[in-house]
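# A structural walkthrough
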Amino acid sequence: MDSLPLLTIVTFLPLVGGLLLFAVPKGAEGAVRWVALATAVLGFVVSLPLLGYDGVAAGMQFAENYAWIPTWGLTWHLGIDGISVWLVMLTTFLGPIVILGAWDSVSRRHTEFFFHLLALQTAMLGAFVAQNLAVFYVFWELMLIPMFFLIGIWGGKERLYATLKFVLYTVFGSMLMLVAIFYLYWLHHEQAVAGLLGPAAALSPWSLEFTDLYRVQMGADVQAWLFLAFALAFAVKVPMFPLHTWLPDAHVQAPTAGSVVLAGVLLKMGTYGFLRLGMPLFPAAVAEWAWVILVLAVVGIVYGALVAMIQPDMKKLVAYSSVSHMGYIMLGIFVLNPQGVEGGILQMLNHGISTGALFLLVGVLYDRTHTRRIWDFGGLAKVMPIYTTVFIVVALSSAGLPGTNGFVGEFLTLLGAFQWGHEAFAQTGSFWSSYGYVVVAATGVVLGAVYLLWMIERVFFGPILQSRWLGLKDLSAREGLVFAPLLLMIFWMGLYPKPFIDKMEPTVEAWIEQIRAGEKKAASLPQGFGSPANPSGELHSRLAASGDAQSEGSEGGGD
Amino acid sequence: MQPLLAQTAQAIAASAGQAVAHGAGGGHGAAEGPIVAVAPTVEATSLLAVVILLPLLGAALNGFLGKRLGTQGVNLVGCGTVALSALLSWKLVLDLVQLSGPGHAAGGNFGLHQNLFPWIHVGSFQADFALWLDPLAAVMLLVVTNVGFLIHLYSIGYMKGDPGYARFFAYLNLFLFSMLCLVLGDNLLVLFLGWEGVGLCSYLLIGFWFEDRANARAGKKAFVTNRVGDFGFALGMMMLFAVFGTLEPQAINQALAVPQGSLPATVPLWTLEAAALLLFVGACGKSAQIPLYIWLPDAMAGPTPVSALIHAATMVTAGVYMVARLNGVFFHAEFACYVVIVVGASTALLAATIGLVQNDIKKVLAYSTVSQLGFMFVAMGAGAWAVGVFHLMTHAFFKACLFLGSGSVILAMHHEQDMRFYGGLKRFMPTTHWTFLFATLAIAGIFPFAGFFSKDEILWNAIASQRGGTLIYAVVLLAAFCTAFYMFRILWMTFWGEHRGVPEGHGHDHGAESADDDHHHHAHGDPQESPWTMTVPLMVLGVLSLVGGFLGVPAVLGGHFGFPNLLHDWLHPVFQYSTVALDPTMAHNHAMEYGLMALSLGVAGLSIFLTWLLWGGGKDALRDIFAEKSPWLHDLLWNKWYVDELYESVLLKPLVFVSREVLWRIVDEVIIDGLVNGVASFCKQAADKMGRAQDGDVGNYATIMVAGMVVLLLVIVGFGVGT
């Protein structure tokens, strides 16, 4: 508490820099992007000490907890664990790359453009570090605004339709979540007052602290409803099939920088939401309904890949490939074993790096040619050899070639899913509800190679059919600077992922333990526990007192 | 490796307390005794990493600085690193031989081990980047580095003047690095890294002359088909991990070193069968077996040294190697082995029949490779691992020689690959001819060339193994008949008879135009013999095609003269607990073995005689009889049994159609977006209507308010009652 509030600084530094942009005098547009770049680089540098996160100790570190409106339970509580530290690093790492990538491609309203990019970064970082649901929700909704403008102002021809679709989809999800948040808030209060949550909670019954809310007791049926509300909000963001149709439109219309942030970080907000809130808050619902998520994840993997395969537009192809890749992440985190979950988290980082890089690469080509139609190209390897090489390396990492980051994540999620299936098969003996998931999911590995290599073949190989491409310039030094760190990460995480895994492993193991324990605890509670009619289990304790309680009742009441 | 696991395996084996016949493959003397799986002897080394890193260094240098190095520099880097790697591999194998001496390995497997760095450690999953050289890996290592070096040397002449010269050597070196990871990987994950790495290099090299879209397409086809195999490989690996908790073949084999039928309770047989079948899917992709062989003939679009190195001698044998590596799994998975032997035999015959009628010299050789790989899988399916590895090795010699020979011819013929324009080349290119002849005799299985020994052992195991049978034998023998036929057909059409030559104005578009340009500088006169960089590798491989077989002289031939079966003895520690015994009625039937040997020689002789009748006797009319009398059969073979067309119309087209017209156009754009847009427009209309409702009439407001409260009340009461 008395140390430097590092997380607050990391979070708000981009916004402060963004505001500074408006101080740049008119006519000095060139200076705007330098200030923006400097801010983002500084943001990354400032976040570097977070790598000092002690993986062995696990738990929340770098915590800051300031009273805000104590009587309402609102606190400015930030912290990171072995999972969020990597998402914060991913965000600050991509920051300068995005700005450098957008260096020349903004045609108007420079100041606002870079301001929105930086503001977006603050919103995302805030959501990743929040430890209080109110703080989280504010940042969660805040993300929407800069993105809305980025697509709506600097987007393509149909940017209005795309941006509205994006916002409506997201708001639809968030609204349900907001209702559920209020319900949880009230329920915590009821149970705290009733003494169910221990003496400390009874003193301050209004709380939106994550750790307090994790302790709220609910029967499996009540959890299921609340989980549904949270899951919808997160599933839209991921996006999971069939809530994904905003994504291709948003990506195609968004400017390159918007697409990179969207794919690189924003989508992770959905999976992170499941990890931080959806699953630990409602473990019993997860146990009961995980199969729905798993089915949708697997369908998403195959569906996204198949639809990506036949896209005529490079950017749309990459967008649909995201649907497929995010399916792996969901598959991994919902099988609830270390391989699956850590694979899923690594895949979140990998997807941010590789798909972000792919969007940047498509942007580079679009800046030069003003087209993204695959069939317009052909033979580019002849005129842009360096670009081609980078493109192929990134595409292969996206397709999960061993030695690149994509392989580690993809393999681990599939391995986790296989382990899960192996155990399920021993219990159920049914192929489709056990190994079936991983077998279908693994076909995505084949399809991934199909859509990426088919695109590469049509864009880069064969003869150059249009003479206007003969003079295309290869990557510039600035563009090289954009891709160099991304390539470095691709190989680093592919060949030596140990530092990443080591820092997250204890956190993940504790997280799995927490969910398993919560699941058991909820199983001991009767149906309807925590419902509006029976918030603190009075009905239940009355029944227990009168001796009518079921056998599981005895351990259900207290904490 | 994993001492704990080894101990458990020993305990299991000891508690089984049964005697097992082991080491009986290929008529090798069977020893009886109580089985106690001896743990491998392991010695640390730090040189293995150097062997694999040298080619990687070469790839990096040529890839990044190729343009600046100049041709000589590229040659020096490209061939020099591989030469060093090859020399070092000899040293390591000699070290290994030392290790095998008395006092060291107490009858168990033995090897050199190096752990480079931890790779993926998550929970109970631990995979290090570690290397392992045991007798099996040693055979592959020597083949890969030495044949690899010869082909690098050959490429200097073949690729001369190509604008992508440095890029070519960078890819070739990268391939060698990946192949060495595959061979030396201590666990399946490192093996898989190499496995996919060689696939990538194959992709890059098939499409090396990418200006021609057909080449790029062939590369993509290879990669994607291999990915289908990798799908199986990955799942098979996961099954092994789920059962054994490790991905180290040494530990897995050690745990499985028990007699068939006495598996520990923790290892249900069906998991091994499933794992073996899944892994075999991977092998089918990489080693071009039915139904995934279709990529290999197309892969001939790559430069010929690539065909020799990757698509004949080394990479395509990776599937065989992987099965040999996991011999313990396949030993117990009897059903999977039946699948392997049937697929192997079918592929051997199918590909050989297609090879009978093709006119493109490289296409014939490609189908020949597919067929020969089928032979190897027959050995693997029969459980005669050492025999399969033996044929893998001899095949590497003679098939590399054949491909390089064809490359020499193709260069002399200015990139014309149609044999109908060849003929009589013996006169112009004697070295190429003689080496090609040696290799042909080897592949046809003529005594005493290398292929005679290895192929005959496969035939013998096909009938004598407990997992073989007469039908399998007959199919493989027929394939052997076809082999001799199509190979001598090449000799007649290419080297013997009259030189026909390429007619004026005959357009050909093989290879890159740029590469052609260079070769067009030669006067279009008589074909010329290739430079020494190409003929020296040919000669070395030609000699190996002759003598390579003596490394594995079967006991029935050599035993009387005290001539040991060197290769079998060398590999014995690796396969001792897992080699499938021969059928007891056959095992010591020497008369039968001699008889079958004579039969296969006779079949090959007959086949060669037939080619003489058709091409040698100058009876052109006879040649067309086949096409005239049974045009449907000829068309069927010429069109490769229409398998490509079948896949195209049954798999690819429907998949693309469904993806585009159903998933995208209907599910995404009509159903989901229809719903989304519908909700949006409904909201808009509702808003318009409701906006009109707010007209300031307080009576209306009150009515709606009361109605709302009633509904709310009902809901709350309802929820309450529900609990």
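These numbers were taken from a predicted model, which means no experiment stands behind them.

This next bit is on the overall build of chain B. The number of helices and strands found in chain B is 28 helices and five strands. At a minimum sequence separation of 6, the contacts of chain B that also span at least 24 residues come to 80%. Summing over all exposed atoms, chain B offers an accessible surface of approximately 26,600 Å²; the carbon and sulfur share of this is 68%.

Assigned secondary structure in chain A consists of 22 helices and two strands. Computed over its C-alpha atoms, the radius of gyration of chain A comes to 24 Å, within 12% of the 24 Å expected for a compact globule of 559 residues. Within chain A, the proportion of its 559 residues that are buried is 67%. Contacts in chain A between residues at least 24 apart in sequence constitute 80% of all its contacts with a sequence separation of at least 6.

This part takes up the domain arrangement of chain B. Residues and elements named next belong to chain B. What the domain assignment reports for chain B is domain 1 (11–638) and domain 2 (642–722). Listed as interface residues are six residues of domain 1 and, on the opposing side, four residues of domain 2. Between domain 1 and domain 2, the buried area comes to about 450 Å², and carbon and sulfur atoms account for 52% of it. Applying the counting rule to domain 1 against domain 2 returns two residue pairs in polar contact (both at pLDDT 80 or more).

This next bit is on the interface of chain B and chain A. Facing 52 residues of chain B, the contacting portion of chain A comprises 71 residues. Contact between chain B and chain A buries roughly 5,400 Å² in total, counting both sides, with carbon and sulfur atoms accounting for 73%. When the buried area of chain B at its contact with chain A is split by residue, R213, R227 and M238 of chain B rank highest and sum to 13% of it. Connecting chain B to chain A are four salt bridges. K165 of chain A serves as the salt-bridge partner of D673 of chain B, at 2.8 Å between the closest nitrogen and oxygen. Our count for the contact surface shared by chain B and chain A stands at 17 residue pairs in polar contact (both at pLDDT 80 or more).

Before going further, it helps to spend a moment on unusual backbone geometry. Cis rather than trans, the peptide bond between V238 of chain A and P239 of chain A has omega equal to -15 degrees. Along the chain, I290 of chain B connects to P291 of chain B via a cis peptide bond; the corresponding omega equals 5 degrees. Along the polypeptide, P291 of chain B turns up in the loop between α8 (269–286) and α9 (295–298). Positive phi, normally seen in glycine, also occurs at R109 of chain A, with a value near 50 degrees. If you trace the backbone, R109 of chain A turns up in the loop between α3 (84–101) and α4 (110–129). A relative accessible area of 41% means that R109 of chain A is categorised as partly exposed. Of note in the backbone geometry, W641 of chain B takes a positive phi value of approximately 60 degrees without being a glycine. Considering the arrangement of structural elements, one finds W641 of chain B in the loop between α26 (631–638) and α27 (643–693).

With that out of the way, let us pick up the confidence of the model for chain A. Per-residue confidence for chain A gives a mean pLDDT of 90; residues scoring 70 or more make up 96%. A low-confidence stretch, residues 548–559 of chain A stays under pLDDT 50, and its non-local contacts, those more than four residues away or across chains, total 18 contacts.

Taking 1.5 Å of rise per residue, 25 residues should cover 36 Å, and helix α18 (residues 470–494) of chain B covers 36 Å from first to last C-alpha, within 8% of that figure. Within α18 of chain B, 19 of the 25 residues are buried, leaving the element largely enclosed by the surrounding structure.

This model, assessed by the stated rule, comprises 21 salt bridges over all chains. D134 of chain B serves as the salt-bridge partner of R325 of chain B, at 2.4 Å between the closest nitrogen and oxygen. With R325 of chain B in helix α11 (residues 318–325) and D134 of chain B in the loop between β5 (125–133) and α3 (135–158), the pair connects residues that are 191 residues apart, well separated along the chain. Judged by its relative accessible area of 2%, R325 of chain B falls in the buried class. According to the relative accessible area criterion, D134 of chain B is buried, its value standing at 0%. For E669 of chain B, the salt bridge identified is with R665 of chain B, shortest N-O distance 3.3 Å. One end of the pair, E669 of chain B, and the other, R665 of chain B, are both in helix α27, four residues apart, so they sit about a helical turn from each other. Overall, the relative accessible area of 35% leaves R665 of chain B in the partly exposed class. Here the salt bridges share partners, and the residues they tie into one network are R33, D104, R368, R478 and E479 of chain A.

Because each turn of an α-helix spans 3.6 residues, side chains separated by three or four positions in sequence point in the same direction. All names here are of chain A. An ideal rise of 1.5 Å per residue puts 20 Å on 14 residues; helix α17 (residues 385–398) measures up with 20 Å between its terminal C-alpha atoms. Within α17, the full set of buried residues consists of Y387, T388, V390, F391, I392, V394, A395, L396, S397 and S398. Looking one or two places after α17, you find G400, whose phi comes out positive at around 80 degrees.

Attention now moves to the sheet that holds strand β4 (residues 110–122) of chain B. All names here are of chain B. If you walk across this open sheet you meet the three strands as β3-β4-β5, and the pairing is mixed. A strand with exactly one partner marks an edge of an open sheet, and here the two such strands are β3 (41–44) and β5. Direction aside, neighbouring strands of the sheet carry axes that sit 50 degrees apart on average.

Residues and elements named next belong to chain B. At their nearest, the axes of helix α5 (residues 188–206) and helix α10 (residues 304–313) sit 11 Å apart, and the two run at 160 degrees to each other. On the basis of the axis angle, α5 is roughly antiparallel to α10. The way α5 lies across α10 gives a crossing that is left-handed. On the side of α5, the interface is formed by S202, L205 and I206, while α10 contributes V306, I310 and H311.

What follows deals with the packing of aromatic side chains. Under the definition given, this model contains 65 aromatic pairs over all chains. For the ring pair F113 of chain A and W154 of chain A, a centre distance of 5.1 Å and an interplane angle of 75 degrees mean the geometry is edge-to-face. On the criterion of sequence distance, the pair formed by F113 of chain A in helix α4 and W154 of chain A in helix α6 (residues 144–154) is long-range, its members being 41 residues apart. Here F113 of chain A falls in the buried class, since its relative accessible area comes to 2%. Measuring from centroid to centroid gives 4.9 Å for Y185 of chain A and W206 of chain A, while their planes differ by 50 degrees, and the two rings are tilted. Pair noted here: Y185 of chain A is in helix α7 (residues 159–193) and W206 of chain A is in the loop between α8 (199–203) and α9 (210–213), with a separation of 21 residues, a long-range link. Three or more aromatic residues link up through ring pairs in this structure, and these residues are F407, F411 and Y496 of chain A together with F117, W119, F125, F129, F192, W195, F233 and F241 of chain B.

This next bit is on the pairing of β5 of chain B. In terms of residue burial, β5 of chain B counts as a mostly covered element, since seven of its nine residues are buried. Connecting the antiparallel pair β4 of chain B and β5 of chain B is a turn made up of two residues, with G123 of chain B showing a positive phi of about 55 degrees.

Here we take up the side chain of R372 of chain A. Residues and elements named next belong to chain A. Here R372 lies in the loop between α15 (338–369) and α16 (380–383). Looking at R372, the relative accessible area reads 14%, which means it is buried. Looking at R372, its side chain comes within polar contact range of the main-chain oxygen of V252, at 3.3 Å. Setting aside chain neighbours within four positions, we find R372 in contact with V252, P312, D313, M314, K315, V362, Y366 and F377.

Quick look at the nonpolar core now. The biggest cluster of nonpolar side chains holds 431 residues, and the ones touching the most others in it are F136, F230, F274 and F334 of chain A. Looking at this core, you find at least three residues from each of domain 1 (11–638) and domain 2 (642–722) of chain B. The contact partners of F136 of chain A, leaving out residues within four places of it in the chain, are A127, A130, M177, F210, F234, Y272 and L277 of chain A. In this structure, A348, L459, A464 and I472 of chain B belong to the second largest nonpolar core, which totals 27 residues.

Our focus in this paragraph is the packing of helix α2 (residues 29–47) of chain A against α3 of chain A. Residue and element names in this part refer to chain A. Running from amino to carboxyl end, α2 crosses α3 at an angle of 160 degrees, the nearest separation of the two axes being 8 Å. With respect to α3, the axis of α2 lies roughly antiparallel. Handedness of the crossing formed by α2 with α3: left-handed. Where α2 abuts α3, its residues R33, A36, L37, A40, V41, G43, F44 and S47 lie against M89, T92, F93, G95, P96, I99 and L100. Of the residues that constitute the contact of α2 with α3, the class distribution is 10 nonpolar, four polar and one charged.

Attention now goes to the confidence of the model for chain B. Residues and elements named next belong to chain B. In the predicted model, chain B carries a mean pLDDT of 85, and 88% of its residues have values of at least 70. Between residues 1–34, whose pLDDT stays under 50, and residues either more than four places distant or in other chains, the model counts 61 contacts. Here the prediction assigns the complex a pTM of 0.89, and the interface score ipTM is 0.91.

Conventions used here
Residues numbered from 1 in each chain as written. Chains lettered and ligands numbered in written order. Predicted model: local features only at pLDDT ≥ 70, side-chain atom pairs only at ≥ 80, totals over all residues. Heavy atoms only, no water. Helix = DSSP H or I, 4+ residues; strand = E, 2+ residues; numbered from the N terminus. Contact = heavy atoms within 4.5 Å. Areas by Shrake-Rupley, 256 points an atom, 1.4 Å probe, with all protein chains shown as cover. Rg over C-alpha atoms; globule rule 2.2 N^0.38 Å. Buried < 20%, exposed > 50% of the residue type's maximum accessible area, 1.4 Å probe, protein only. Domains from an automatic or database assignment. Buried area = accessible area lost by both parts, 1.4 Å probe. Polar contact = N/O pair within 3.5 Å; in protein donor to acceptor, adjacent residues only side chain to side chain. Salt bridge = Lys/Arg side-chain N within 4 Å of Asp/Glu carboxyl O. pLDDT = per-residue confidence, 0-100. Expected span 1.5 Å × (residues − 1). Pairing = 2+ DSSP bridges. Axes fitted to C-alpha atoms, helices over the stretch in contact; angles between N-to-C directions. Parallel < 35°, antiparallel > 145°, perpendicular 65-115°, else oblique. Left-handed = near helix turned anticlockwise from the far one by under 90°. Phe/Tyr/Trp six-rings, centres within 6.5 Å; stacked < 30°, edge-to-face > 60°. Core = buried A, V, L, I, M, F, W, Y, C linked by side-chain atoms within 4.5 Å. Nonpolar A, V, L, I, M, F, W, Y, C, P; charged D, E, K, R; others polar.

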